[in-house]
Amino acid sequence: MQSDIKIISMPFDIVWENPIANQELLTIELNKLTEQKDLIILPEMFSTGFTINKNAAEQMNGSTMQWMQEQAKKMNAAIVGSLLIEEEKKYYNRAIFMQPDGNYFTYNKHHLFIGSPEHKTLTPGTTNTIVEWKGWRIALFICFDVRFPIWSWNISNNNLYNYDIAIYMANWPAVREHHWQALLHARAIENRCYVIGVNRTGIDGNNIKHV
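Residues numbered from 1 in each chain as written. Predicted model: local features only at pLDDT ≥ 70, side-chain atom pairs only at ≥ 80, totals over all residues. Heavy atoms only, no water.

### Examining the sheet that holds strand E7 (residues 136–142)
Applicable threshold: By this definition, two strands are paired if DSSP reports at least two bridges between them. Numbering of helices and strands runs from the N terminus; a helix is a DSSP stretch of H or I covering at least four residues, while a strand is a stretch of E covering at least two. Note on geometry: axes are C-alpha line fits, over the in-contact stretch for helices, and angles between N-to-C directions span 0 to 180 degrees. Here a residue-residue contact requires only that any non-hydrogen atoms of the pair lie within 4.5 Å.
One open sheet holds the four strands; their spatial order is E6-E7-E8-E9, and the pairing between them is mixed. Bordering the open sheet on either side are strand E6 (130–133) and strand E9 (194–199), each of which pairs with just one other strand. When strand polarity is set aside, the average angle formed by the axes of neighbouring strands in this sheet is 25°. One ladder, built from four bridges, connects E6 with E7; its direction is antiparallel. Looking at the pairing, Glu132 lines up with Arg137 of E7. Its contacts with the sheet put helix H4 (residues 177–191) on strand E8 (165–170) and E9, and the angle it makes with E9 is roughly 155°.

### Overview of H4
Condition: Given the number of residues in a helix, its expected span is that number minus one, multiplied by 1.5 Å. In this scheme, a residue with accessible area under 20% of its type's maximum is buried, one over 50% is exposed, and one in between is partly exposed, where area comes from a 1.4 Å probe on protein chains only. Arc definition: directions from the helix axis to the C-beta atoms.
Spanning 15 residues, H4 covers 21 Å between terminal C-alpha atoms, matching the ideal 21 Å at 1.5 Å per step. Along H4, the residues classified as buried are Trp180, Leu183, Leu184, Arg187, Ala188 and Asn191. On an axial view of H4, the arc spanned by its buried residues comes to 135°, and they lie on one face. Looking at H4, the residues exposed on the side facing more than 90 degrees away from the buried face are His178, His185 and Ile189. Check the buried side of H4 and you find it contacts E8 and E9. Directly after H4, the chain includes Arg192, whose backbone phi takes a positive value near 50°.

### Some points on the side chain of Asn191
Tracing the chain through its elements places Asn191 in helix H4. Residue Asn191 is classed as buried on the basis of its relative accessible area, which comes to 1%. Residues contacting Asn191, with those up to four places away along its chain left out, are Ser152, Trp153, Asn154, Tyr161 and Tyr163.

### Things to note about the packing of aromatic side chains
Note the following rule: Any Phe, Tyr or Trp ring, taking Trp's six-membered ring, that has another such ring centre within 6.5 Å forms a pair; planes under 30 degrees apart are called stacked, those over 60 apart edge-to-face, and the others tilted.
Here the structure, examined in full by the defined rule, presents nine aromatic pairs. Centre to centre, the rings of Phe97 and Trp133 are 6.2 Å apart; their planes meet at 75°, and the pair counts as edge-to-face. Here Trp133 lies in strand E6 and Phe97 lies in strand E4 (residues 90–98), a separation of 36 residues in the sequence. For the residue pair Phe97 and Trp133, the accessibility class agrees, reading buried in each case.

### Topic: the environment of Thr126
Tracing the backbone shows Thr126 in the loop between helix H3 (118–121) and E6. Judged by its relative accessible area of 66%, Thr126 is exposed. Residues Thr126 and Tyr107 lie 19 residues apart in sequence; the distance between their C-alpha atoms is 9.1 Å. The contact partners of Thr126, leaving out residues within four places of it in the chain, are His110 and Trp151.

### With respect to the pairing of E8
Along E8, six of the six residues are buried, which leaves the element largely enclosed by surrounding structure. Burial of E8 is two-sided: the residues Ile165, Ile167 and Met169 facing one way and the residues Ala166, Tyr168 and Ala170 facing the other way are all buried. The pairing of E7 with E8 spans five bridges and is parallel. Bridging across to E8, Ile138 finds its partner in Ile165. Pairing of E8 with E9, which is carried by six bridges, proceeds in the parallel orientation. Across the sheet, residue Tyr168 finds its bridge partner in E9, namely Gly197.

Everything listed here is a matter of geometry and, on its own, says nothing about what the molecule does.
Right, dumping it as structure tokens:
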């Protein structure tokens, strides 16, 4: 049965390729929360910024995964955000949906950004991920995925809706902010669902501004 769900998005100015510094920044912000939340949403590649530097990639048992497990347990909330992950000599832009009990779901970004070397360096995901949390079905997407409506199509063959909420984690440049807002609205309208977009802020290591 579906009940109220309390969600908070946490856009922030990501420290370039410095997971420990970003963990510390986010821990401070999480400690400021005065009300219980059910779901905390972080931006795309929240531990490093949008980089395809393989040296910045983490393993699935790395420090940021451990931090997510610790914080989800402490906050008694699910935490979702994407990381640059190395696995079996392949690299992924991978969303992690971490639950308070330490169990998690993953989604590998399917549409790798053709405006950067991401599509030449990382391996694209091949499947969608829908997580059931607090009675809500939540679909996970990452940044450039928002430009591809068929990928987020919300009606199954039996004419039932697949999910209630779509989350788009992003490092979306300020110069294309209008596109970001328009595309989020479009995905919500066509799929008859709630859509939450969480972007980073500040200027990244490539001197690209985000808002």
